[in-house]
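Overview (structure and organization)
Below are the chains, spelled out letter by letter.
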Amino acid sequence: LVLSINVFADSDPKAVVEPLKIARDTFYQDVSKFQEGKLTEEELVVRISEQFAPLINDRTVALRVMGRFARQATEAERDRFTDRLESSLVDAYARGLAAYGGEQLVLPEEGVILKPGRAMVEARLISSGREALPIQFALGYKEGKGWLVENVVIAGINLGLTLRNQFADLVKSTGSVSSAIEAWSFQSASSN
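Now for a description of the structure that goes with this document. (Residues numbered from 1 in each chain as written. Predicted model: local features only at pLDDT ≥ 70, side-chain atom pairs only at ≥ 80, totals over all residues. Heavy atoms only, no water.)

What to know about the pattern of salt bridges
Here the structure, examined in full by the defined rule, presents ten salt bridges. R59 is the salt-bridge partner of D79, the closest N and O atoms lying 2.6 Å from each other. Here D79 is found in helix α6 (residues 75–98), whereas its partner R59 is found in helix α4 (residues 58–66), with 20 residues between them in sequence. Using a relative accessible area of 23% as the deciding quantity, one classes R59 as partly exposed. Through salt bridges that share partners, R59, E75, R78 and D79 make up one connected network. (Salt bridge = Lys/Arg side-chain N within 4 Å of Asp/Glu carboxyl O. Helix = DSSP H or I, 4+ residues; strand = E, 2+ residues; numbered from the N terminus. Buried < 20%, exposed > 50% of the residue type's maximum accessible area, 1.4 Å probe, protein only.)

Here it is as structure tokens:
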């Protein structure tokens, strides 16, 4: 029975959404603790980071952000960029969420299986007095880790593509892949 469950895990539309629901619900609990004074802002940021980091397929995301420059980079440079990208994304995400203003992330009961191991989750971010913001999560299934986020599209803005373009600009402005990796931070990417 366990074997049959694992065989279909990469095709289960309900399993796709589960890690997102767990992260969302844990976030709401942590925000409540923060608002009650049981967590400092820094503790909230750390807790959000700890919850968010395991949801990302960091290697896949990093190679996609590097784009054509991934082939030019050494294995050590790809590893270094994977670490820097994950750290900068998690930090930016956590600090953004620390400024949470009561928005609600509405997730469907099931994701859409595009093919075994690939899925999409169509979500909405609802906030009072504003139109709902559509969010698409692209996920991939990784053996032993389950469903992981590989890209996010927010209101039609493809975060992965945006970061890839910014990495290419950083390579151009710094003169090399290695220098771009050293200069990378979410803030440097956002300002290009």
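Re the packing of α4 against helix α7 (residues 159–174)
When two helices pack together, their arrangement is given by the angle between the helix axes and the distance between those axes. Interaxial distance between α4 and α7 falls to 7 Å at its minimum, and their mutual angle equals 55°. Taken together, the axis directions place α4 and α7 in an arrangement best described as oblique. Contacts between α4 and α7 pair R64, V65 and M66 from the former with G160, L163, R164 and F167 from the latter. Tallied by class, residues from the contact of α4 with α7 come to four nonpolar, one polar and two charged. (Axes fitted to C-alpha atoms, helices over the stretch in contact; angles between N-to-C directions. Parallel < 35°, antiparallel > 145°, perpendicular 65-115°, else oblique. Contact = heavy atoms within 4.5 Å. Nonpolar A, V, L, I, M, F, W, Y, C, P; charged D, E, K, R; others polar.)

Quick word on the nonpolar core
The nonpolar side chains of a soluble globular protein tend to be buried, and buried together. Grouped together as the largest cluster of nonpolar side chains are 22 residues, with contacts concentrated most on V65, M66, F81, L85, F167, V177 and W184. Every element with two or more residues in this core is listed here: α4, α5 (69–72), α6, α7 and α8 (177–183). Counting residues in each nonpolar core, the second largest holds 14 residues, with L20, V121, I135 and V149 among its members. (Core = buried A, V, L, I, M, F, W, Y, C linked by side-chain atoms within 4.5 Å.)

Examining helix α2 (residues 13–35)
Given a rise of 1.5 Å per residue, 23 residues ought to cover 33 Å, and the 34 Å separating the end C-alpha atoms of α2 matches this to within 8%. At P19, α2 shows its maximal bend, which comes to roughly 25°. The N-cap of α2, judged by a side-chain oxygen 3.0 Å from the amide nitrogen of K14 a few residues on, is D12. Once α2 ends, the next one or two residues include G37, with phi positive near 85°. (Expected span 1.5 Å × (residues − 1). Bend = angle between axes of the 7 residues up to and from the residue. Polar contact = N/O pair within 3.5 Å; in protein donor to acceptor, adjacent residues only side chain to side chain.)

Considerations on the environment of A94
Within the element layout of this structure, A94 appears in helix α6. The residues contacting A94, other than those within four sequence positions of it, are V45, I48 and S49.

With respect to the packing of aromatic side chains
Tallied over the full model, the rule gives six aromatic pairs. Judged by centre distance (5.4 Å) and plane angle (70°), the ring pair of Y141 and W147 falls under edge-to-face. Overall, the relative accessible area of 22% leaves Y141 in the partly exposed class. By relative accessible area, which is 5% here, W147 ends up buried. Put simply, the rings of F69, F81, F167 and W184 touch in pairs and so form one group of aromatic residues. (Phe/Tyr/Trp six-rings, centres within 6.5 Å; stacked < 30°, edge-to-face > 60°.)

Structural notes on α7
Over its 16 residues, α7 runs 22 Å from end to end, which matches the ideal 22 Å to within 8%, given 1.5 Å per residue. Considered for burial, the residues of α7 that qualify are G160, L163, Q166, F167, L170 and V171. Seen along its axis, α7 keeps its buried residues to an arc of 145°; they face one direction. Counted as exposed and oriented over 90 degrees from the buried face of α7: K172 and S173. (Arc of directions from axis to C-beta.)

From the geometry alone we can't say anything about function, so treat these as descriptive.
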